[in-house]
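Commentary on secondary and tertiary structure
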Amino acid sequence: MINIPTWLAFALTSPFFWGITHVLDSYCVDEVFDHPWIGAITSGLCTFLALPFLAFGLFFVPTVPMTLGVVSLCVLSGFVFMAGQIAYFYALSFSESGIVAAYWNLIPLLLLVISYLFFDEHLTQYQYLGCALLILSSVGFCLLDGNAESRWQAFWLMLFGVFCMSVYFLIQKKVFAFSPVYQVFLVSSFSIASAGLIPLLSPRHFKVFRQNWERIRPAFGFLLTIEIANLIALGTSQYAVSYGYPSLVSAVEGTIPAYAFLISMILYAVFRKFGEEEAHHHLLTKLLLVGVMAFGVWLVS
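Residues numbered from 1 in each chain as written. Predicted model: local features only at pLDDT ≥ 70, side-chain atom pairs only at ≥ 80, totals over all residues. Heavy atoms only, no water.

1. Re the state of the cysteines
This is how the line gets drawn: The rule for a disulfide is simple: a pair of cysteine sulfur atoms within 2.5 Å. Each residue gets one of three labels from its accessible area relative to the maximum for its type: buried under 20%, exposed over 50%, partly exposed in between, using a 1.4 Å probe on protein chains only.
Counted under the stated rule, the structure contains zero disulfides. Left without a disulfide partner, cysteine 46 is nearest to the cysteine sulfur of cysteine 28, which lies 9.3 Å away. Look at cysteine 46 and you get buried, because its relative accessible area is 1%.

Right, here's the structure in full:
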């Protein structure tokens, strides 16, 4: 019987669920939402519906009192996370899900740059090599994007999303030193959901959402399924980091684009509704670039 380390079991689970989330989010941006930012609202609503059930988990895990400072950091991380998600939804409107997913692998690179600029951490020769591989493979994915007019828009949007997620991870790393992972996960998820509903405070955005509701309502169960997959991915990723080494977790999660490409290709072949026809274009090249990215993430981390 194969004995899989706990961190690896969690780290292998999260890319699969994130791959599903990316592909189905892309479908919703194209077919359900009138505007990409509506994805933030539906994500917030679905998260609020899921949170009461997730809260039952507090009866089975150790808990500690959370200080106002820790709660404030969790709230801040949730708002930063949602800002990155909005950029992600817009990027999906310009490019295929697998390519958008690949850009998330720039997070370790940006974390390294932030550490160098603000915390005086110096780079090793292996980290320099990892940076070069991540930059080259990201440009490679951008060039593989068949839509020449919008591919750079998707790239810059995801670069902003990567910045937001890097800040999110830095805050989470700080908070994990004071509170258990599951508590942080719940408070952060509550903050993420709250941030997603902020556009409804604008009368103009509320009117647009209400008009779009006729198409959203029949698909709400589908959207709830996507958000549950997203929460599973987020939770298993946080547990992987808490049990193992962030560098190895990052390398394993660097395979998310491969999952996204394969899931998209299979869904399109079976249903002709979900997934993307272009997913199989240059598939071997895309998978090779995913491998280069995963290796680059490991070197950087």
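After that view of the structure, there is still more to cover.
2. Quick word on the packing of helix H2 (residues 38–55) against helix H10 (residues 220–243)
For the record, the criterion: Note on definitions: angles span 0 to 180 degrees between N-to-C directions of axes, and those axes are lines fitted to C-alpha atoms, for helices only across the stretch in contact. Secondary structure follows DSSP: runs of H or I at least 4 residues long count as helices, runs of E at least 2 residues long count as strands, and numbering of each begins at the N terminus. For classification purposes, an angle smaller than 35 degrees is called roughly parallel, one larger than 145 roughly antiparallel, one from 65 to 115 roughly perpendicular, and anything else oblique. The crossing is said to be left-handed when, going from far helix to near helix, the turn is anticlockwise and less than a right angle, and right-handed when the turn is clockwise. The criterion used for residue contact is that any of the two residues' heavy atoms lie within 4.5 Å. Each residue is assigned to one of three groups, with Ala, Val, Leu, Ile, Met, Phe, Trp, Tyr, Cys and Pro labelled nonpolar, Asp, Glu, Lys and Arg labelled charged, and all others, Gly among them, labelled polar.
Two elements in contact, H2 and H10, have axes separated by 9 Å at closest approach and are oriented at 65°. Between H2 and H10, the interaxial angle falls into the category roughly perpendicular. The crossing of H2 and H10 is right-handed. Across the interface between the two elements, Thr42, Ser43, Leu45, Cys46, Thr47, Leu49, Ala50 and Leu54 of H2 pack against Phe220, Leu223, Leu224, Glu227 and Leu231 of H10. Considering only residue class, the contact of H2 with H10 consists of nine nonpolar, three polar and one charged.

3. Some words on the pattern of salt bridges
Our working definition: Salt bridge criterion: a side-chain nitrogen from Lys or Arg within 4 Å of a carboxyl oxygen from Asp or Glu.
Applying the stated criterion across every chain, the model contains two salt bridges. Here arginine 217 and glutamate 214 are joined by a salt bridge, their closest N and O atoms 3.1 Å apart.

4. Some points on a nonpolar patch on the surface
We apply this condition: Surface patches are drawn from residues lacking salt bridges whose relative accessible area is over 30%; two like charges belong together within 9 Å, two nonpolar side chains (Val, Leu, Ile, Met, Phe, Trp, Tyr) within 5 Å. Here the Shrake-Rupley method, with its probe set to 1.4 Å, supplies the accessible areas, and only the displayed protein chains count as covering residues.
Nonpolar side chains collect at one region of the surface, where Ile135, Val139, Trp152, Trp156 and Leu159 lie side by side and expose about 460 Å² of accessible area between them. Where the nonpolar patch is concerned, the elements lending two or more residues are helix H6 (125–144) and helix H7 (151–175). The leading source of residues in the nonpolar patch is H7, at three residues. Given a relative accessible area of 45%, isoleucine 135 falls into the partly exposed group.

5. Some words on the packing of aromatic side chains
Two numbers describe a pair of aromatic rings. These are the distance of the centres and the angle of the planes. Basically, it comes down to this: Ring pairs are drawn from Phe, Tyr and Trp, using the six-membered ring of Trp, whenever the two centres fall within 6.5 Å, and their geometry is named by plane angle: stacked under 30 degrees, edge-to-face over 60, tilted for the rest.
Enumeration over the complete set of coordinates arrives at 13 aromatic pairs. An angle of 80° between the planes, with centres 5.4 Å apart, marks the rings of phenylalanine 16 and phenylalanine 17 as edge-to-face. Given a relative accessible area of 36%, phenylalanine 16 falls into the partly exposed group. Through pairs of rings, three or more aromatic residues link up here, namely Phe33, Tyr88, Phe89 and Trp104.

6. Section: the environment of histidine 22
Mapped onto the fold, histidine 22 is located in helix H1 (residues 6–31). The sequence separation of histidine 22 and valine 100 amounts to 78 residues, and the corresponding C-alpha distance is 8.2 Å.

7. Quick notes on helix H8 (residues 181–196)
Filter applied, for reference: Take the number of residues in a helix, subtract one, and multiply by 1.5 Å to get its expected span.
Along its 16 residues, H8 runs 22 Å from first to last C-alpha, staying within 8% of the 22 Å computed at 1.5 Å per residue. Within H8, 13 of the 16 residues are buried, which leaves it mostly tucked inside the rest of the structure.

8. Description of the confidence of the model for the chain
As a reminder of what qualifies: How sure the predictor is of each residue is captured by pLDDT, a score from 0 to 100.
Looking at the chain, pLDDT values average 81 and 86% of them are 70 or higher. When pLDDT is averaged over each element of the chain, helix H9 (residues 203–216) comes out on top at 93 and helix H11 (residues 246–253) at the bottom at 66.

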